[in-house]
Amino acid sequence: MIGFLSEAYPWIRAFHVIAVIAWMAGLFYLPRLFVYHAENAPPGSDTDALFQTMELRLLRLIMNPAMIVTWVFGLCLVFTPGVIDWTAIWPWTKTAGVLAMTWFHHWLGRRRKDFARGQNTRPGRTYRLMNELPTVLLIIIVVSVIVRPG
Ligand code: HEM
């Protein structure tokens, strides 16, 4: 297995980054849908039903699979000999960023259920603010893994 991970390293890294891009697309788009859903679609309206369909499909068909593939290929890279030096700082700052990104994914999942139950209490402004979080985390993660400061 270890031999395979070392041989397939460039492919695993490539598919890791491809999955990251798909996951990030959803992490940027879903909170945006929540902004318009909260501000323009009263519970029970046709627009409410349309937003619920868009949010459910984005989460189930794109974001969940992309997050799982990002984690699977990411962990394959973690277990590839020589890839991570845990005495450096970057693996820890990246890990913190990735755990926060995964928490945000699940926070969005819970908010989707609020809308589906007609129980969203958060204003559009909250979702606009939360929409900044994946950008900040993306910068921390990518600078950690590519620049490797410290
Ligand atoms: C979900 C759990 C994740 C794990 C376990 C993980 C782990 C890793 C590891 C071990 C590497 C290889 C570093 C190397 O080749 O030297 C890597 C590469 C990379 N990761 Fe992740 N990662 C995860 C999530 C993410 C996320 C969320 C992003 C961006 C938002 C990201 C962006 C990248 C990039 C851009 C590279 C390529 C760096 C390069 O080619 O130099 N990763 N990841």
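Our subject is the structure that appears above.
In this report, the structure presented in the accompanying data block is examined. Note that this is a predicted model, so its numbers are computed, not measured.

### A short note on the packing of helix α2 (residues 9-40) against helix α4 (residues 90-116)
Moving on, step 1. Where α2 contacts α4, the two axes come as close as 11 Å, and the packing angle between them is 40°. Judged on the interaxial angle alone, α4 and α2 are oblique. Every pair of crossing elements has a handedness; the one defined by α2 and α4 is left-handed. Here His16, Trp23, Met24, Leu27, Leu30, Pro31, Phe34, His37 and Ala38 of α2 lie close against α4, whose contacting residues are Lys94, Met101, Thr102, Phe104, His105, Leu108, Arg111, Arg112 and Phe115.
Moving on, step 2. Looking at the contact of α2 with α4 residue by residue, the class counts come to 11 nonpolar, four polar and three charged.

### What about the coordination of the iron atom of the ligand?
Moving on, step 1. Donor atoms from the polypeptide that bind the iron atom of the ligand are His16 (NE2) and Lys94 (NZ), placed at 1.7 to 2.1 Å.
Moving on, step 2. Seen from the iron atom of the ligand, its six donor atoms lie at angles of 82 to 177°, and the figure they make is octahedral. Here the residue histidine 16 occupies a position in helix α2, and lysine 94 occupies one in helix α4, the gap between them amounting to 78 residues. Each member of the pair, histidine 16 as well as lysine 94, carries the same accessibility label: buried.

### What to know about the nonpolar core
Moving on, step 1. Core analysis: the largest hydrophobic core is formed by 24 residues, its most contacted members being Leu27, Leu30, Met63, Met101 and Leu108.
Moving on, step 2. Counting residues per element, the ones that place at least two in this core are α2, α3 (46-78), α4, α5 (124-130) and α6 (133-147).
Moving on, step 3. Broken down by element, the residue count for this core peaks at seven residues, all from α2.
Moving on, step 4. Those residues in contact with leucine 27 that sit more than four places away from it in its chain are Met63, Met101, Phe104, His105, Leu108, Asn131 and Pro134.

### Details of the site of the ligand
Moving on, step 1. Taken together, 22 residues form the shell around the ligand, and within it Tyr9, Arg13, His16, Lys94 and Arg148 come nearest.
Moving on, step 2. One of the side-chain N or O atoms of tyrosine 9 is found 2.4 Å from an oxygen atom in the ligand.
Moving on, step 3. Between the ligand and lysine 94, the relevant distance is 2.4 Å, taken from a nitrogen atom to a side-chain nitrogen or oxygen of the residue.
Moving on, step 4. Elements represented by at least two residues in the shell around the ligand include exactly α2, α3, α4 and α6.
Moving on, step 5. In terms of residue count, the dominant contributor to the shell around the ligand is α2 (seven residues).
Moving on, step 6. For the shell around the ligand, a count of residues per class yields 16 nonpolar, three polar and three charged.

Quick notes on the rules
Residues numbered from 1 in each chain as written. Predicted model: local features only at pLDDT ≥ 70, side-chain atom pairs only at ≥ 80, totals over all residues. Heavy atoms only, no water. Axes fitted to C-alpha atoms, helices over the stretch in contact; angles between N-to-C directions. Helix = DSSP H or I, 4+ residues; strand = E, 2+ residues; numbered from the N terminus. Parallel < 35°, antiparallel > 145°, perpendicular 65-115°, else oblique. Left-handed = near helix turned anticlockwise from the far one by under 90°. Contact = heavy atoms within 4.5 Å. Nonpolar A, V, L, I, M, F, W, Y, C, P; charged D, E, K, R; others polar. Donors = N, O, S within 2.8 Å, 3.2 Å for Na, K, Ca; no water. Tetrahedral: all angles 85-135°; square planar, octahedral: opposite > 155°, others 65-115°. Buried < 20%, exposed > 50% of the residue type's maximum accessible area, 1.4 Å probe, protein only. Core = buried A, V, L, I, M, F, W, Y, C linked by side-chain atoms within 4.5 Å. Near = heavy atom within 4 Å. Polar contact = N/O pair within 3.5 Å; in protein donor to acceptor, adjacent residues only side chain to side chain.

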